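# Structural overview
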Amino acid sequence: ISIKPHLVHAWIPEAHRFECAAGYRLARQMCLVEVITDEGITGYGSCSDQYDLDVLATIINKVLQPEFIGRDPFQTEKMWDTLYYGTLMRSLGHRSVGMAAMSGIDIALWDIKAKALGVPLYQLFGGAAQDSVRPYASSIPWHVDQRVGVETAQRLASDGYSAMKIKVGDDPDREFRLVEAIREALPNMDILVDADMAFRTDTAVRTVREMEPFGIFWFEEPISIDDIEGHVRISQITDVRIASGKNLYTRFPFRDLLSAQGIQVANADVARAGGFTEVRKIAAMAASFNAWWCPHASGDIITTVANLHLAVASSNAPVIEWDINHNPLMTQLAPEALRRQEGNILPPEGPGLGIELDMDYVEAHPYNGEPAISLGMRPV
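In this report, the structure presented in the accompanying data block is examined. (Residues numbered from 1 in each chain as written. Predicted model: local features only at pLDDT ≥ 70, side-chain atom pairs only at ≥ 80, totals over all residues. Heavy atoms only, no water.)

## Overview of the environment of P73
- Within the fold, P73 resides in the loop between helix 1 (53–68) and helix 2 (76–92).
- The spatial distance from the C-alpha of P73 to the C-alpha of V35 is 9.6 Å, given a sequence separation of 38 residues.
- Every residue in contact with P73, bar those within four places of it in the chain, is listed here: I1, T37, M79, L109, I112 and K113. (Helix = DSSP H or I, 4+ residues; strand = E, 2+ residues; numbered from the N terminus. Contact = heavy atoms within 4.5 Å.)

Dropping the structure here:
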């Protein structure tokens, strides 16, 4: 096996830049992982976004790649355990950027397995539990006024979306009025809110109580992912589903939040939380708690498609995130990747991930060392 990271950078035009509690988005970036076997089968993966690309490349080239030399790409479970309990824990720690790098490689290995067998990836996960998955439009940023927010929501509804997400965490009163206006304009739209950990527990409790009458579909990352007791407190005072997990890695923190009944929706991202090998376990664990697994899936087309394949094979994945903001890594990297039917997203039917990447686009948009997102805000 040989592994090559491709670092891609695409600026967002100033008119299309947006902000949330996670920071001000300046560009779209990805670490595209290419894995080639001795037999010449090529698999692709992604390390989601938000990480320093030079760090990812160093981890893949100098730390992880040597561990894969001479290994059977079909032995994904064995390789995952060997690397997690060995190299990752010893050299990089068991969370964050090292696990994201491992995730990209793991996706590529599963892509290789499915290509070798000539089947789409979801067939390796038990086949289709659902023919398609409902997308939720992600996201309306927090700085829009009511008029723009309502117009955007109405446009999304006319485009066939029945669910959408609003970023909150800056001004709870203004955000309350925005949600109220959208609910009044679109009584049948499922509205999700996402605070990106911007609130302290008291603020989150007040916000979810105020928004509960609007029939919020879920409240995502209301507080720090480290505060299990805070999640439990919020869950106990509301019927709104509490979601978290796009910034969690491996099954273990999900076990803690689910068993404490702190969340009802696990947002584990295949391209971040441990690849298919690990996120399959997270999705199954969520099901054992009668909870949903609804992946964070924004960033690039490989991240979205990888999560889609596992969602199609899962009985507890009713929706999937669909990036509606300016993102050429979704629209230009593989422009013919996905199809919609009656508003839902159909999985690709080709072998593996089932998409054709434009490698010319990759080569024409090299990483230049610039950041993709500014620093986020402190909790309020």
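## Structural notes on the side chain of R183
- Along the chain, R183 turns up in helix 6 (residues 172–185).
- Of the buried charged residues, R183 lacks a salt bridge, with D190 as the closest side chain of opposite charge at 5.5 Å.
- A distance of 3.3 Å separates a polar atom in the side chain of R183 from the backbone oxygen of P187.
- Apart from the residues lying within four places of it in its own chain, the contact partners of R183 are N188, M189, I191, F214 and G215. (Buried < 20%, exposed > 50% of the residue type's maximum accessible area, 1.4 Å probe, protein only. Lys, Arg positive; Asp, Glu negative; His and termini not counted. Salt bridge = Lys/Arg side-chain N within 4 Å of Asp/Glu carboxyl O. Polar contact = N/O pair within 3.5 Å; in protein donor to acceptor, adjacent residues only side chain to side chain.)

## A word on the packing of helix 6 against helix 7 (residues 201–211)
- Remark: helix 6 packs on helix 7, axes separated minimally by 10 Å, with the N-to-C direction vectors making an angle of 20°. Between helix 6 and helix 7, the crossing angle belongs to the class labelled roughly parallel. The hand of the helix 6/helix 7 crossing is right-handed. Residues P172, E175, F176 and V179 of helix 6 touch helix 7, and the partners they reach there are T203, T207, E210 and M211.
- Of the residues in the contact of helix 6 with helix 7, the class split is four nonpolar, two polar and two charged. (Axes fitted to C-alpha atoms, helices over the stretch in contact; angles between N-to-C directions. Parallel < 35°, antiparallel > 145°, perpendicular 65-115°, else oblique. Left-handed = near helix turned anticlockwise from the far one by under 90°. Nonpolar A, V, L, I, M, F, W, Y, C, P; charged D, E, K, R; others polar.)

## Regarding the packing of aromatic side chains
- Scanning the model with the defined rule gives eleven aromatic pairs in all.
- With 6.4 Å between their ring centres and 70° between their planes, W110 and F276 make a pair best called edge-to-face. Residue W110 is found in helix 3 (residues 97–117), and its partner F276 is found in helix 10 (residues 275–288); the two are separated by 166 residues along the sequence. Like F276, W110 is buried.
- For the ring pair Y136 and W218, a centre distance of 5.5 Å and an interplane angle of 80° mean the geometry is edge-to-face. Of this pair, Y136 sits in strand 6 (residues 134–140) while W218 is found in strand 9 (residues 218–220), placing the two residues 82 residues apart along the sequence. (Phe/Tyr/Trp six-rings, centres within 6.5 Å; stacked < 30°, edge-to-face > 60°.)

## A short note on the pairing of strand 8 (residues 190–194)
- Of all five residues in strand 8, four are buried; the element is thus mostly enclosed.
- By the bridge criterion, five bridges tie strand 7 (residues 163–167) to strand 8 in an arrangement that is parallel. When the bridges of strand 8 are listed, K167 appears paired with D194.
- Assessed by its sense of winding, the connection that carries the chain from strand 7 through helix 6 to strand 8 is right-handed.
- By the bridge criterion, three bridges tie strand 8 to strand 9 in an arrangement that is parallel. (Pairing = 2+ DSSP bridges. Right-handed = clockwise from strand over helix to strand, strands pointing away.)

## Digging into the pattern of salt bridges
- Enumeration over the complete set of coordinates arrives at 20 salt bridges.
- Of the charged contacts, one joins K167 and D196 as a salt bridge, the two residues approaching to 2.9 Å between their closest N and O atoms. Of this pair, K167 sits in strand 7 while D196 sits in the loop between strand 8 and helix 7; the two residues are 29 residues apart in sequence, bridging distant segments of the chain. By the burial criterion, K167 is buried, and D196 matches it.
- Its salt-bridge partner being D256, residue R255 comes within 3.1 Å of it at the nearest N-O pair.
- For D256, a relative accessible area of 30% puts it in the partly exposed group.
- Put simply, K165, K167, D194, D196, E220, E221, K246 and E321 are held in one network by salt bridges that share partners.

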